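Residue-level structural notes
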Amino acid sequence: MIIAVDCGRSYVKVMTEEKTFLFPSKVSGWRKRNYRQEVDGDIELQYRGRKWFVGQLAEREGEFTRQAMQDTKAVEETLLLTLTAIHLAGGKGNVTLVTGLPIVNFTEEEKYAVKQLLQGHHHVEVNGRWKHFHIDRVYTTIEGGSAFFAEPRMGLVRIIDFGAKTTNYATFKDRVFIDRESGTIPIGWETAKESNVREMADLIASSVSKKWGADDVVLLVGGMAKKMEPHIQEHFRCALSVKYPQTANVRGYFAVGKAMIEGVEGVRV
């Protein structure tokens, strides 16, 4: 079973062959509530003898609620959110997991750390229901650039992926990734106030314009893509948000996973 998980800093996006869904990337310690009001989407997690609130329940009822903003993704929050995602996705038996890393952190050391964190047998309870599954393979690809594989095309294609902490930008030419014209900018929409959206767009554009042309095709992905679109278009006339930009990465992850298993040429992780 292939499960793609985009463990973003703001939302976790999940895709399987049957469904696509998301939930907030928030975790807090569990606590007893005197009055429990059951709300659709609430998540209580138990794993290795400990309990947590996850997602909207952590936002609403958690104390010391946290989200992963570290430079590395090999942290406890990634583990808990990913296991929750797999459980909710119906994971069972052997699971092939596809996830991603920022382009700047796509190193052998970071890929190995994430693999060691996630791979193996897991016994997980979500909302009173226990599941056992084995993550036997972990494929890690690049954030932002992976969105290309959801709808690959020939020619020169640029991608800007607006994240909560960082912004990834990627270049493909005739379906081949161009590393020297891709990278990660250390600014995200959760670090920019509403009044600074235009300034954020200007900063991103000034960074990528060193190697990108004003008439290049630029695809915008991420939860803020549509809001950023008019400001990016001031710099790149052919910039356009993709359809369903918030889930573009996870759809790309899933496509990469299928291609890797089927041995499709031209797809690597």
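Summary of the structure given here. (Residues numbered from 1 in each chain as written. Predicted model: local features only at pLDDT ≥ 70, side-chain atom pairs only at ≥ 80, totals over all residues. Heavy atoms only, no water.)

**A word on the pairing of strand β1 (residues 2-7)**
Two faces belong to every sheet, and in a regular strand the side chains alternate between them. Most of β1 is tucked away, with six of its six residues classed as buried. Residues I2, A4 and D6 line one face of β1 and the alternating positions I3, V5 and C7 line the opposite face, and both faces are buried. Relative to strand β7 (residues 93-101), β1 runs parallel, the two being bridged by three bridges. When the bridges of β7 are listed, I3 appears paired with L97. As defined by bridge partners, β1 adjoins strand β2 (residues 11-15) across four bridges and the pair is classed as antiparallel. If you follow A4 over to β2, its bridge partner there is M15. Counting the residues in the hairpin turn of β1 and β2 gives three residues. (Buried < 20%, exposed > 50% of the residue type's maximum accessible area, 1.4 Å probe, protein only. Helix = DSSP H or I, 4+ residues; strand = E, 2+ residues; numbered from the N terminus. Pairing = 2+ DSSP bridges.)

**Examining the packing of aromatic side chains**
All chains considered together, the criterion is met by seven aromatic pairs. When the centroid spacing of 5.6 Å and the interplanar angle of 85° are considered together, the rings of F148 and F149 count as edge-to-face. Taken as a pair, F148 and F149 share a single burial class, namely buried. Measuring from ring centre to ring centre gives 4.1 Å for F148 and F172, while their planes differ by 5°; the resulting arrangement is stacked. Taken together, the residues F148 in the loop between β9 (129-142) and β10 (156-162) and F172 in strand β11 (residues 167-173) connect sequence positions 24 residues apart. Its relative accessible area of 3% is what places F148 among the buried residues. Relative accessible area serves as the criterion here: at 2%, F172 is assigned to the buried category. Linked through ring pairs, F148, F149, F172 and F177 together constitute an aromatic cluster. Here the guanidinium or amino end of K51 rests over the ring plane of W30, the centre of that ring lying 4.6 Å away. (Phe/Tyr/Trp six-rings, centres within 6.5 Å; stacked < 30°, edge-to-face > 60°. Lys NZ or Arg CZ within 6 Å of the ring centre and 35° of its normal.)

**Focus: the nonpolar core**
Grouped together as the largest cluster of nonpolar side chains are 30 residues, with contacts concentrated most on V5, V12, V14 and F23. Top element by residues in this core is helix α2 (residues 76-88). It accounts for six residues. The residues touching V14, leaving out its near neighbours within four places in the chain, are I3, A4, V5, K19, T20, F21, F23, A85, A89 and V250. With 20 residues, the next largest nonpolar core counts I187, I204, I232 and A239 among its residues. (Core = buried A, V, L, I, M, F, W, Y, C linked by side-chain atoms within 4.5 Å. Contact = heavy atoms within 4.5 Å.)

**Some points on the sheet that holds strand β8 (residues 120-126)**
The strand order β3-β2-β1-β7-β9-β8-β5-β6-β4 describes an open sheet built from nine strands, whose pairing is mixed. The strands lining the two open edges of the sheet, one partner per strand, are β3 (20-24) and β4 (27-29). Sheet twist, expressed as the average angle between the axes of neighbouring strands with direction ignored, equals 35°. As paired elements, strand β5 (residues 43-47) and strand β6 (residues 50-54) share five bridges and run antiparallel to each other. Along β6, the bridge assignment pairs I43 with V54. Against the sheet, α2 touches β1, β2, β3, β4, β5, β6, β7, β8 and β9, its axis set at about 115° to β9. Along the sheet, helix α3 (residues 108-118) contacts β7, β8 and β9; its crossing angle with β7, the most-contacted strand, is approximately 145°. (Axes fitted to C-alpha atoms, helices over the stretch in contact; angles between N-to-C directions.)

**Here we look at the pairing of strand β14 (residues 217-221)**
Taking burial as the measure, the five residues of β14 include four buried ones, the bulk of the element. As paired elements, β14 and strand β15 (residues 238-241) share four bridges and run parallel to each other. Paired with L219 across the bridge in β15 is L240. After leaving β14, the chain enters helix α5 (residues 225-232) and then returns to the sheet as β15, a path that is right-handed. (Right-handed = clockwise from strand over helix to strand, strands pointing away.)

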